[in-house]
Amino acid sequence: MTHTSLFQQRDEIRKAIRQKRRLLTLEEQQQAADKLCEQVLAHPKVKQAQTIALFLSFDGEIDTSSLISQLWALNKQVCLPVLHPFHRHHLLFLRYTPSTTLVKNRFNISEPPLNVNMVIPISDIDIIFTPLVAFDAQGQRLGMGGGFYDRTLENWQQKSFYPMGLAHTCQQVDYLPTANWDVPLPEIITPEKRWHF
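Residues numbered from 1 in each chain as written. Predicted model: local features only at pLDDT ≥ 70, side-chain atom pairs only at ≥ 80, totals over all residues. Heavy atoms only, no water.

(A) Broad picture of the nonpolar core. Core analysis: the biggest nonpolar cluster contains 44 residues, and Phe129 and Leu166 have the highest contact counts within it. Per-element tally for this core: the top contributor is helix H2 (residues 26–41), with five residues. When residues no more than four places from it in sequence are discounted, the contact partners of Phe129 are Val40, Val46, Ile52, Ala53, Leu54, Phe55, Tyr149, Met164, Leu166 and Ile189. Ile13, Ala134, Leu142 and Leu176 belong to the second largest nonpolar core, which has seven residues in total. (Core = buried A, V, L, I, M, F, W, Y, C linked by side-chain atoms within 4.5 Å. Buried < 20%, exposed > 50% of the residue type's maximum accessible area, 1.4 Å probe, protein only. Helix = DSSP H or I, 4+ residues; strand = E, 2+ residues; numbered from the N terminus. Contact = heavy atoms within 4.5 Å.)

This is the structure:
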């Protein structure tokens, strides 16, 4: 497959799935978020984890706000991704508390303001929950195209954290055309089920 057709195929999948996601009603979004919460909180790795990286929902992504509140209630430390100020296409993770004031980054996504004292080293994170646009039955994940999470998850097997994707059921596709930098996930959680790959 040529580079161009790979990128075209991936872009078409992105457009189609983002459209599907945006068509979910508020009620459907809320039900999905509640069910996802149950699935995540019942996960043995989540029960054991102390520090969990999550993301704030954007563009129809499954809503993580009630999950974050419940993790706080369980005394888990939550952190959010922040665009790295010096390394293009890299992420930092900053502690996120109920009193954190958020700012918009250049993609118009809310994130904590950059504060060196709030940075959590990746070696201290137990689970990184990743957003995704689409996924397939092999655990391949298609992101927004910036490669931020692919860089973060690279060689995750040799690191201390465990990555999992969070998605709506409608984000599953039969097959994703992959690029050599894609990092497949060991698990993806949807409101209906936990997928192990």
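Now that the structure is up, let's keep going.
(B) View of the environment of Asp150. Position of Asp150 among the secondary structure elements: in helix H5 (residues 148–153). For Asp150, a relative accessible area of 11% corresponds to the buried category. Sequence spacing of Asp150 and Val183 is 33 residues, and the spatial spacing of their C-alpha atoms is 5.7 Å.

(C) Layout of the pattern of salt bridges. Considering all chains together, one arrives at six salt bridges under this definition. In this structure, Asp182 and Arg10 form a salt bridge, with 2.7 Å as the shortest nitrogen-oxygen distance. Of this pair, Asp182 sits in the loop between strand S9 (162–166) and strand S10 (187–189) while Arg10 sits in helix H1 (residues 3–22), and the two are 172 residues apart along the sequence. The pair Asp182 / Arg10 is uniform in exposure class, with both members buried. Here Glu192 ties to Lys35 by a salt bridge, and the two come within 3.2 Å at their closest N and O atoms. Residue Glu192 is located in the loop between S10 and strand S11 (194–196), and its partner Lys35 is located in helix H2; the two are separated by 157 residues in the primary sequence. On the accessibility criterion, Glu192 (46% relative accessible area) is partly exposed. (Salt bridge = Lys/Arg side-chain N within 4 Å of Asp/Glu carboxyl O.)

(D) Representation of the pairing of strand S3 (residues 91–96). Most of S3 is tucked away, with five of its six residues classed as buried. Summarising the sheet, strand S2 (residues 77–83) and S3 pair through six bridges and their orientation is antiparallel. Bridging from a neighbouring strand, Leu80 pairs with Leu94 of S3. (Pairing = 2+ DSSP bridges.)

(E) Geometry of unusual backbone geometry. Notably, Asp59 is not glycine yet its phi reads approximately 60 degrees, a positive angle. When you line up the elements, Asp59 lands in the loop between strand S1 (51–53) and helix H4 (65–73). Residue Asp59 is classed as buried on the basis of its relative accessible area of 18%. Phi at His89 takes a positive value of approximately 65 degrees, unusual for a residue other than glycine. Turning to its location among the elements, His89 is positioned in the loop between S2 and S3. Residue His89 is classed as partly exposed on the basis of its relative accessible area, which comes to 23%.

Note that all results are geometric; they support no functional claim without further evidence.
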